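# Report on the structure
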Amino acid sequence: MSSKPQGTDTRIAPANLDAEEFRTAGHRLVDSLADFFSSLPERPITRADSPQVARELIGTEGLPEHGTDAGALLDEVTRILTAHSLHNGHPRFLGYITSSAAPLGALADLLAASINANVVKWDLSPIASEIEAQTVRWLAELTGFPTDCGGLMVSGGNLANIIAFMTARTAQAAWDVRARGLHAEPRQLTVYASKQTHTWIEKAADVTGIGTDAIRWIDTDTDQRIDIDALERCVDADVAAGCLPFMIVGTAGNVSTGAVDSLPDIAAVCAKRSLWFHVDGAYGAPAAALPEASPELKALALADSIALDPHKWLYAPIEAACVLVRNPETLPNAFCFQPEYYSVEAIASDGAPGNNYYELGLQNTRGFRALKVWLGLRHVGRSGYVQMIRDDIALAQQIYRLAEAHPELEACTQHLSITTFRYRPAGYSGRNATDDDYLNKLNRQLLTKLQTGGDIYVSNAIIGGRYYLRTCVVNFRTTAADIEALPEIVVAAGRHLDSRLRPTRP
Ligand SMILES: Cc1ncc(COP(=O)(O)O)c(C=O)c1O
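The shown structure was predicted, so the numbers you read here are calculated from the model rather than taken from an experiment.

### Some thoughts on the domain arrangement of the protein
Partitioning the protein into structural domains gives domain 1 (117–367) and domain 2 (382–501). On a C-alpha basis, the centroid separation for the pair domain 1 and domain 2 is 32 Å. Tallying the contact residues gives 16 residues for domain 1 and 15 residues for domain 2. Partitioning the side of domain 1 that touches domain 2 into residue classes produces 10 nonpolar, 5 polar and 1 charged.

### Some points on the nonpolar core
Counting residues in each nonpolar core, the largest one holds 134 residues, and the members touching the most others are Ala 160, Leu 300, Val 323 and Leu 324. When residues of this core are assigned to their parent elements, the largest contribution, 15 residues, is made by helix α14 (residues 370–405). Per-domain counts for this core show at least three residues from each of domain 1 (117–367) and domain 2 (382–501). Sequence-distant contacts of Ala 160, defined by excluding residues within four places in its chain, comprise Val 154, Ala 282, Ala 307, Asp 309, Ala 321, Cys 322 and Val 323.

### Let's talk about the environment of Ser 499
Tracing the chain through its elements places Ser 499 in helix α16 (residues 480–501). With 9 C-beta atoms packed within 10 Å, Ser 499 lands in the exposed category. In sequence terms Ser 499 and Thr 68 are 431 residues apart; their C-alpha atoms lie 52 Å from each other.

### Side note on the sheet that holds strand β1 (residues 150–154)
Spatially, β1-β7-β6-β5-β4-β2-β3 is the arrangement adopted by the 7 strands of the open sheet, whose pairing is mixed. Two strands lie at the open edges of the sheet, namely β1 and β3 (215–218), each paired on one side alone. On average, each strand axis in the sheet is tilted by 20° relative to the strand beside it, whichever way the strands run. Judged from the 5 bridges that link them, strand β4 (residues 244–251) and strand β5 (residues 276–281) form a sheet pairing that is parallel.

### A short note on the packing of α14 against α16
For the pair α14 and α16, the least separation of the axes is 10 Å and the interaxial angle reads 25°. As judged from the angle between their axes, α14 and α16 are roughly parallel. Crossing angle aside, the handedness with which α14 passes α16 is right-handed. For the pair α14 and α16, the contacting residues are Leu 395, Gln 398, Ile 399, Leu 402 and Ala 403 in the first and Ala 480, Ile 483, Leu 486 and Pro 487 in the second. Here the contact of α14 with α16 is composed, by residue class, of 8 nonpolar, 1 polar and no charged.

Criteria and cut-off values
Residues numbered from 1 in each chain as written. Predicted model: local features only at pLDDT ≥ 70, side-chain atom pairs only at ≥ 80, totals over all residues. Domains from an automatic or database assignment. Contact = placed C-beta atoms within 7 Å. Nonpolar A, V, L, I, M, F, W, Y, C, P; charged D, E, K, R; others polar. Core = buried A, V, L, I, M, F, W, Y, C linked by C-beta atoms within 7 Å. Buried ≥ 20, exposed ≤ 12 C-beta atoms within 10 Å, placed from the backbone. Helix = DSSP H or I, 4+ residues; strand = E, 2+ residues; numbered from the N terminus. Pairing = 2+ DSSP bridges. Axes fitted to C-alpha atoms, helices over the stretch in contact; angles between N-to-C directions. Parallel < 35°, antiparallel > 145°, perpendicular 65-115°, else oblique. Left-handed = near helix turned anticlockwise from the far one by under 90°.

Here it is, written out as structure tokens:
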């Protein structure tokens, strides 16, 4: 009796595409995407489709029993996605910290997926692992961090910060916290961060079991930067109360206004008390590459760990983030377990052994995220990024000047490439609570109108209890003309809303 499974001599697998099918479908897709990229400025940023419309577009039938031709499928879904997505690559997309993605990154993702490297373990992905290691070194070099650091690519800023948090926890706990857990030590581990810190820190405190009550939310000054005196007082009070402070977080470009904490001062507080100094540079770290960057920002080089997101200000397609640690040993110390199903015989090497990335972070199977970042760095070089980031900042500063000059706009803050301002119609000074109540309501509704209008996309920030519109330029497609157009689009929509909402005054 033959032991061969039937029909596998010349196997026809439904998932496979032969070379010709792949070539034809791929060429058509790339042609469509080239047209998509060049037509972005003429497209609405969003059609603001309802969930119902989106569901109808993809169909509500159950799981297909039988397949469909790959080329036809790609044509169909390309049409839907290019017409109905929210286009964060549009030159007038200025909302959140989501960049225009470099087209080369899209091709890099295609290449990475085609090779399908599993960057879990060096021998499964030799070149990819080395490209990731070089990417980490280059990102360190770009931001002024020591290049003999450790690091790895992760999915986003949240994960990069959480990895750093876990690394700090293990490095700073005086006992084996990985084996014995937090309850082995009665003293509470505590962490310090400004009230402007992104919500990743709550997730980190939660998933590590440290608990969100252990986060000390430090006040900020009028520029939304951590108050260093308050920080020191809080650490000292915790020590006196028997807590175990382990980490201070500085933010290099906070999510609301882009303000950069005084990183040299935080570094000094950490050095004095032997605390881990972490910098959330998810957004702002790449701006440290600018020769004219402030000393406050450049001091991220003093950190024990940094989170930085190439999918934000290095224009890599989502997802691409990176965590850097000053002492490379701290990553395996925090994450390495040696399962028996992985042989870890070192491959003979003249230099340092290659990384087994499963030992350095949370993921086991890992994609080749580094490729798009590495290719981006090779494609435009340091000077290319410096130029693009500098242009983004200059355009953001222009938004501030335009808002300042417009009689119906009130400029509020400008840091890195984030600007905040609000619509303030004639008759409202914004200097009393009644005015502010109305301006908050008006600007809140204005945001919805702008976000669904398709002409320009902005987001919001709450500063001192007031509701502001917020632009973030991390977009190499944005030009001065787009910025010049912004005030009139905002003011026209604001006037329209004001005419409907304005309360009759006594
Ligand atoms: C300062 C900061 N940290 C962390 C994050 C989270 O990054 P991600 O959305 O990539 O997880 C953001 C997102 O905007 C951010 O601005």
